[in-house]
Amino acid sequence: MTQMHRQSLLAYGQPLCETVVDCPTPRGSEVLVRIERCGVCHSDLHLQDGYFLLGGDKKLDVSAGRPLPFTLGHEIAGVIERAGEAAEGADVGRRVAVYPWIGCGACPACLGGEENLCASPRHLGVGVDGGFATHVLIPHPRYLLDYAPLSAGFAAMLMCSGLTAYSALKRLAGRPERGPVMLVGLGGVGMMGLAIARALFRTPPIVADIDAEKRKAALAAGAAQAYDPADPQARKAIMTATGGVLSACDFVGSDKSLQFATGLLGRGGKVVVTGLLGGTFSIATAMFGIKAMTIEGTLTGTLAEARELLDLVRAKNIQPIPTRERPLAQAQAALDDLRAGRVVGRTVLCA
Ligand SMILES: [Zn+2]
Ligand SMILES: [Zn+2]
């Protein structure tokens, strides 16, 4: 019996520890994937804490319903190692990216193709053991997507940061044809958003981040202009340049970032929020009517969108954002660096 090594969460708020167990045996439609790469995502920090900050001292407890020790990690690419007798098409040796936002298959969201919004989700690395490990068990081969000729690390990060950015940009629906998209927050999702927006829209996006290094990286990656939202002149400069932004993505999700993004909107404008940083946001309700504005939230993306994104990345030859590869054993160090804001681009663990 092969053993699997994992960097496990043994207790909330505590560093990850290595645990070693026997590899699960896939049964029925299940597939065992030997992991090659697993991305490190900002939401892993919240899951490790056991809560999301909601603003003030309010917390959303997310520690329930997860057996410990637990394996975080939801940006997974690997090789099919074994398959159950009913796992059609799961050829051993096939290299695949894993769609992690797996639902129950029976609730209205799942039946509508939105497993990412499932009422009783089985999301990998969130509710079911994920990818900070050498192996992961997948319930059905439909979640395994071919990614050649992309790299394993890039394919892995497309399943969360890439998918989140793509799904958010899709929801801007027609507006990007009427002016540049504003991308707020240039972490992993924001930088992916920049690369995808450049492939989707004719006008290059404008971007905002409080970190000068990240603004520099975005300009090098093709942003038209980069602004510091903490600069009191930024809003005026953006309004002068655009006459009001019609489409914005808030990849930060704090009170400040959403205040900044909504404050830039012109009539008919929309902000799509994906970030989960936390805070409480207030706005004069009359502004919804006066500005005909929309604020919409998204959570990752659907299996169909994951396939669309892989096709788009291949067709438009979208390049990966700067990525640092680290051994699986450094999972905790990678989380610490992310928490301290020491990461430009993405970190990917190598099992
Ligand atoms: Zn993620
Ligand atoms: Zn469901």
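Presented here is a report on the structure given in the accompanying data block.

Cut-off values and rules
Residues numbered from 1 in each chain as written. Chains lettered and ligands numbered in written order. Predicted model: local features only at pLDDT ≥ 70, side-chain atom pairs only at ≥ 80, totals over all residues. Heavy atoms only, no water. Donors = N, O, S within 2.8 Å, 3.2 Å for Na, K, Ca; no water. Tetrahedral: all angles 85-135°; square planar, octahedral: opposite > 155°, others 65-115°. Buried < 20%, exposed > 50% of the residue type's maximum accessible area, 1.4 Å probe, protein only. Phe/Tyr/Trp six-rings, centres within 6.5 Å; stacked < 30°, edge-to-face > 60°. Helix = DSSP H or I, 4+ residues; strand = E, 2+ residues; numbered from the N terminus. Lys NZ or Arg CZ within 6 Å of the ring centre and 35° of its normal. Pairing = 2+ DSSP bridges. Axes fitted to C-alpha atoms, helices over the stretch in contact; angles between N-to-C directions. Contact = heavy atoms within 4.5 Å. Salt bridge = Lys/Arg side-chain N within 4 Å of Asp/Glu carboxyl O.

### As for the coordination of the zinc ion (ligand 2)
- Looking at the zinc ion (ligand 2), the protein donor atoms are Cys-104 (SG), Cys-107 (SG), Cys-110 (SG) and Cys-118 (SG), and they sit 2.2 to 2.4 Å from it.
- Around the zinc ion (ligand 2), the four donor atoms are arranged such that angles at the metal cover 101 to 119°; this shape is classified as tetrahedral.
- In primary-sequence terms, the residues that donate to the zinc ion (ligand 2) follow C-x2-C-x2-C-x7-C. The same class applies to Cys-107 as to Cys-110, namely buried.

### So, the packing of aromatic side chains
- Following the criterion strictly, the structure yields one aromatic pair and no others.
- Between Tyr-99 and Tyr-143, the aromatic rings sit 6.3 Å apart at their centres with planes inclined by 15°, giving stacked as the arrangement. A residue pair is termed long-range when its members are at least 10 positions apart, and Tyr-99 in the loop between β8 (95-98) and α2 (108-111) and Tyr-143 in the loop between β9 (135-138) and β10 (144-146) qualify at 44 residues.
- Assessed through its relative accessible area of 4%, Tyr-143 is described here as buried.
- The residue whose ring lies beneath Lys-59 is Tyr-51, and the NZ or CZ to ring-centre distance is 4.2 Å.
- For the cation-ring pair, Arg-66 lies above Phe-70, with the distance from its terminal atom to the ring centre recorded as 5.4 Å.

### Things to note about the coordination of the zinc ion (ligand 1)
- Looking at the zinc ion (ligand 1), the protein donor atoms are Cys-41 (SG), His-74 (NE2) and Cys-160 (SG), and they sit 2.0 to 2.2 Å from it.
- Judged by relative accessible area, which is 1%, His-74 ranks as buried.
- For Cys-160, a relative accessible area of 5% gives the class buried.

### Regarding the sheet that holds strand β12 (residues 206-208)
- One open sheet holds the six strands; their spatial order is β13-β12-β11-β14-β15-β16, and the pairing between them is parallel. The open sheet has two free edges, formed respectively by β13 (225-227) and β16 (294-297), since each of these has just one partner strand. Averaged over all pairs of adjacent strands, the angle between their axes in this sheet comes to 20°, without regard to strand direction.
- Pairing geometry for strand β11 (residues 181-184) and β12, over three bridges, is parallel. Across the sheet, Leu-183 pairs through a bridge with Val-207, a residue of β12.
- Sheet contacts for helix α6 (residues 234-242): β11, β12, β13 and β14 (245-250); angle to β13, the most-contacted strand, approximately 155°.

### Some details on helix α10 (residues 331-339)
- Among the residues of α10, those classed as buried are Ala-331, Gln-332, Ala-334, Leu-335, Asp-337 and Leu-338.
- Contacts made by the buried residues of α10 are with β1 (3-9), β3 (31-40), α1 (42-49), β17 (323-327) and β18 (346-350).

### Topic: the pattern of salt bridges
- All chains considered together, the criterion is met by 18 salt bridges.
- Across the pair Arg-6 and Asp-129 runs a salt bridge whose closest N-O atoms are separated by 4.0 Å. Pair noted here: Arg-6 is in strand β1 and Asp-129 is in the loop between α2 and β9, with a separation of 123 residues, a long-range link.
- Assessed through its relative accessible area of 30%, Asp-129 is described here as partly exposed.
- Ionic pairing is found between Arg-314 and Asp-311, a salt bridge with its closest N-O pair at 3.3 Å. Separated by three residues within a single helix, Arg-314 and Asp-311 lie in helix α9 (residues 303-315), roughly one turn from each other.
- A relative accessible area of 30% means that Arg-314 is categorised as partly exposed.

### Here we look at unusual backbone geometry
- Each neighbour pair has its own omega, and for Leu-68 with Pro-69 the value is -5°, a cis peptide bond.
- If you trace the backbone, Pro-69 turns up in the loop between β5 (58-61) and β6 (70-71).
- Of note, the bond from Ala-148 into Pro-149 is cis; its omega dihedral lies within 30 degrees of zero at 5°.
- Relative to the helices and strands, Pro-149 is located in the loop between β10 and α3 (152-170).
- Phi is positive for Thr-300, close to 45°, though the residue is something other than glycine.
- Here Thr-300 shows up in the loop between β16 and α9.

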